[in-house]
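What follows is each chain in one-letter form.
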Amino acid sequence: MSEEFLGDRRKALEEEFFAKQNQRLLRQLRETMAVKAKTEALAAASGITDAAVLAQLAAIDLSSETVAVLALVPLIEVAWADGRLDAKEQSALLAAAEQAGLGKDSASYQLLEEWVKERPSPRVLAAWKAYVAALAETLDGEAKHALQQELLGRARVVAEAAGGFLGLGNRISSAEQAVLTELEQAFA
């Protein structure tokens, strides 16, 4: 009887062990599938197929719904160049978002509003650079130049929004110019 009892106990312990292992493996599989689904959705929304770039975008919690806000990262970076964001810069940012077609109820617009309140992580700029590099590879020279002019032109408008004194002098600060130069290099 004690052998039977020990055998039953051993079997129960084995079943408990394997049940925990199965739960852990199932959780890992679900997490892997969720990451894969998110990456596939990002690829579909952005047109990017480079796995490393998609991983960077996923790492900063961008989704297929918020990938549109990537076009506004240069504006955010310029606005935060001096470490603060004033009312004129904020207004220029939100106007640019509306011009880009982001509705106030969209996830992208809401993410932008968060970035207006609190400067985004440097990982956002790194992901944007990777995004632009991957996108630039798919464009011919003329299209790449047009994209660069459009994105940097909007960033320059934000930089000029709060610059100068009484409308005189250089409207772009040296910190903003440094960011504009860094952004331009992402297209090289």
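For clarity, every value in this text was computed on a predicted model and none was experimentally measured. (Residues numbered from 1 in each chain as written. Predicted model: local features only at pLDDT ≥ 70, side-chain atom pairs only at ≥ 80, totals over all residues. Heavy atoms only, no water.)

S.K.: What should I look at first to understand the packing of aromatic side chains in this one?
M.R.: Aromatic rings in a pair are described by how distant their centres are and how their planes are angled relative to each other. Tallied over the entire structure, the rule returns one aromatic pair. With a centroid separation of 6.0 Å and an interplanar angle of 75°, the aromatic rings of Trp128 and Phe187 are classed as edge-to-face. Placement of Trp128 in helix α6 (residues 122-138) and of Phe187 in the segment after α8 (174-185) is noted, with a sequence separation of 59 residues between them. Residue classification places Trp128 among the buried positions, given a relative accessible area of 0%. (Phe/Tyr/Trp six-rings, centres within 6.5 Å; stacked < 30°, edge-to-face > 60°. Helix = DSSP H or I, 4+ residues; strand = E, 2+ residues; numbered from the N terminus. Buried < 20%, exposed > 50% of the residue type's maximum accessible area, 1.4 Å probe, protein only.)

S.K.: What should I look at first to understand the environment of Val35 in this one?
M.R.: In this fold, Val35 is placed in helix α1 (residues 2-46). What makes Val35 exposed here is its relative accessible area of 51%. C-alpha of Val35 to C-alpha of Ala59: the two residues are 24 residues apart in sequence and 9.9 Å apart in space.

S.K.: Got a minute to help me understand the nonpolar core in this structure?
M.R.: A general tendency of soluble globular proteins is for nonpolar side chains to be buried together. With 47 residues, the main nonpolar core has Leu72, Leu93 and Trp128 as its most contacted residues. Mapped by element, the contributors of at least two residues to this core are α2 (51-59), α3 (73-79), α4 (87-99), α5 (107-117), α6, α7 (141-161) and α8. In this view, Leu93 contacts Leu75, Ile76, Ala79, Leu85, Leu112, Val116 and Val158; residues no more than four positions away in its chain are not counted. (Core = buried A, V, L, I, M, F, W, Y, C linked by side-chain atoms within 4.5 Å. Contact = heavy atoms within 4.5 Å.)

S.K.: What is the right way to read the pattern of salt bridges from this model?
M.R.: Where side chains of opposite charge bring their charged atoms close, a pairing between them can arise. Applying the stated criterion across every chain, the model contains four salt bridges. Across the salt bridge formed by Glu114 and Lys117, the nearest N and O atoms sit 3.7 Å from each other. Of the two residues, Glu114 and Lys117 both sit in helix α5, three residues apart, roughly one turn of that helix. On the accessibility criterion, Lys117 (63% relative accessible area) is exposed. (Salt bridge = Lys/Arg side-chain N within 4 Å of Asp/Glu carboxyl O.)

S.K.: What exactly am I supposed to notice about the side chain of Arg154 here?
M.R.: With respect to the element layout, Arg154 can be found in helix α7. Look at Arg154 and you get buried, because its relative accessible area is 16%. In this structure Arg154 touches Ala71, Leu72, Leu75, Ala96 and Ala100, once residues within four positions along its chain are discounted.

Keep in mind that these numbers describe shape and distance, not what the molecule does.
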